[in-house]
Amino acid sequence: PPVQSLLNMDEIEELATKKASKKAWAYYYSAADDKITKRFNTEAFRSILLRPRVFIDCTECSLETTLLGNQVSMPIYVAPAAQARLGHPSGEAGIAEACGGFGALQIISNSASMTPEQIVANAVPGQTFGWQLYVQDDRTKSEKMIARVNKLSAIKFLVLTLDTPVMGKREDDQRGGNVINELTAMESPEGSEPVPEKQVFAGFDPSLTWTETLAWLAKHTSLPVVLKGIQTHEDAYIAALHNSQVKGIVLSNHGGRSLDTAPPAVHTLLEMRKYCPEVFDKVEVWIDGGVRRGTDVVKALCLGARGVGLGRPPLWGLAAGGVDGVKRTLQILADETKTCMRLLGVQRLDQLGMQHINTRLLEQQ
Ligand code: FMN
């Protein structure tokens, strides 16, 4: 079926599964161990109930917001994901084209299958990107990459991923015997080719720490830093202590790909509201993991998130229908989010809050 006839994320995943190679499917689908966290990520949203208010004019409805001060058309953004060209030849540049059309933010993976220069080359005016870093144990390699990224004016911030000091045990990837290397196109001799069948995560530095690594990073970039993979209120609190440099955090468990039975982001949001609510005023709090419906987006925003990331859905969109598939993915989620807001009696994102949700079931989990 043409992507325009697809109605929701499940249908996009289904078509992507049919079209993608076995290897691409396994890489996108896989998660750690028994995939409990991957499943909980979606289920946790379902256990939150919405509290619609009625008799409120919802003729107007806008998703516009800012992410780290950058104007975007919606709070939904594309999370960093490696190896997009496994799913479709247009790769990360195809995702960029779709995001440009929407005014949506895209975070480019350190392990993208195209270089950042290629990915931002056709950016439209005002289009915003972040760039995600996995620190290499040979730091000079990371320093060279950061120096390149510093020169690209479309890239407005740097995302340091912390939830993967070592790779989780992903059996779907292992079973195929064809584990994908997250080695980056930036340093592969082929330049822009996906690089399969090398030891996964070889070269990534497992020794990162708050003081050493943030100080090292400050020496190499003046871009704002976002820490990705925060999973407890304690770490959210520590991150906020560094808010002269750290301007945002992403509550994320890497789509369930790192530590199985790690908490879904909505649980961490609840913890933060209880133990360190001041953090929401000190850094921007974004989340990702299991977002498949507009109602999921709205629930995360009600709990205090400002940005909501999509990991697998854009990859499915790309595999299902190239640039049009990614556009369809973003369109469905934007439309669903607006419908949800209107049905709640809300016209703008800053009106959403705890009054619109009931988290009793979530708190019992
Ligand atoms: N996160 C990173 O920080 N860097 C990556 O290179 C990266 N690659 C990914 C590749 C795939 C195929 C997937 C599914 C996820 C990847 N992630 C990576 C994690 C995503 O950024 C995001 O946290 C996660 O996918 C969100 O969950 P979702 O897939 O349920 O939306």
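To start, this report covers the structure provided alongside it.

Rules used in this analysis
Residues numbered from 1 in each chain as written. Predicted model: local features only at pLDDT ≥ 70, side-chain atom pairs only at ≥ 80, totals over all residues. Heavy atoms only, no water. Axes fitted to C-alpha atoms, helices over the stretch in contact; angles between N-to-C directions. Helix = DSSP H or I, 4+ residues; strand = E, 2+ residues; numbered from the N terminus. Parallel < 35°, antiparallel > 145°, perpendicular 65-115°, else oblique. Left-handed = near helix turned anticlockwise from the far one by under 90°. Contact = heavy atoms within 4.5 Å. Nonpolar A, V, L, I, M, F, W, Y, C, P; charged D, E, K, R; others polar. Buried < 20%, exposed > 50% of the residue type's maximum accessible area, 1.4 Å probe, protein only. Pairing = 2+ DSSP bridges. Right-handed = clockwise from strand over helix to strand, strands pointing away. Core = buried A, V, L, I, M, F, W, Y, C linked by side-chain atoms within 4.5 Å.

Our focus in this paragraph is the packing of helix 6 (residues 139-150) against helix 8 (residues 210-220). When two helices pack together, their arrangement is given by the angle between the helix axes and by the axis-to-axis distance. Where helix 6 contacts helix 8, the axes come no closer than 10 Å and their chain directions differ by 45°. Comparing the axis directions of helix 6 and helix 8 gives the class oblique. Considering how the two elements wind past one another, helix 6 and helix 8 form a crossing that is right-handed. Contacts from Arg139, Ser142, Glu143, Ile146 and Asn150 of helix 6 reach helix 8 at Glu212, Thr213, Trp216, Leu217 and His220. For the contact of helix 6 with helix 8, a count of residues per class yields three nonpolar, four polar and three charged.

What follows concerns the pairing of strand 10 (residues 284-288). The element strand 10 is extensively covered by neighbouring structure, given that five of its five residues are classed as buried. Along strand 10, one buried face is formed by Glu284, Trp286 and Asp288 and the opposite face, lined by Val285 and Ile287, is buried too. The pairing of strand 10 with strand 11 (residues 307-310) spans three bridges and is parallel. Directly across from aspartate 288, in strand 11, lies its bridge partner glycine 309. Crossover handedness for the path strand 10 to helix 12 (residues 294-302) to strand 11: right-handed.

So, about helix 2 (residues 22-29). Among the residues of helix 2, Ala24, Ala26, Tyr27 and Tyr28 are the ones counted as buried. Buried residues in helix 2 make contact with helix 7 (171-175) and helix 13 (312-344).

Now for the nonpolar core. Counting residues in each nonpolar core, the largest one holds 98 residues, and the members touching the most others are Trp131, Leu133, Leu227, Ile249, Leu251, Met272 and Ile287. Residues contacting methionine 272, with those up to four places away along its chain left out, are His233, Ala236, Ile249, Leu251, Pro277, Val279, Phe280 and Val285.

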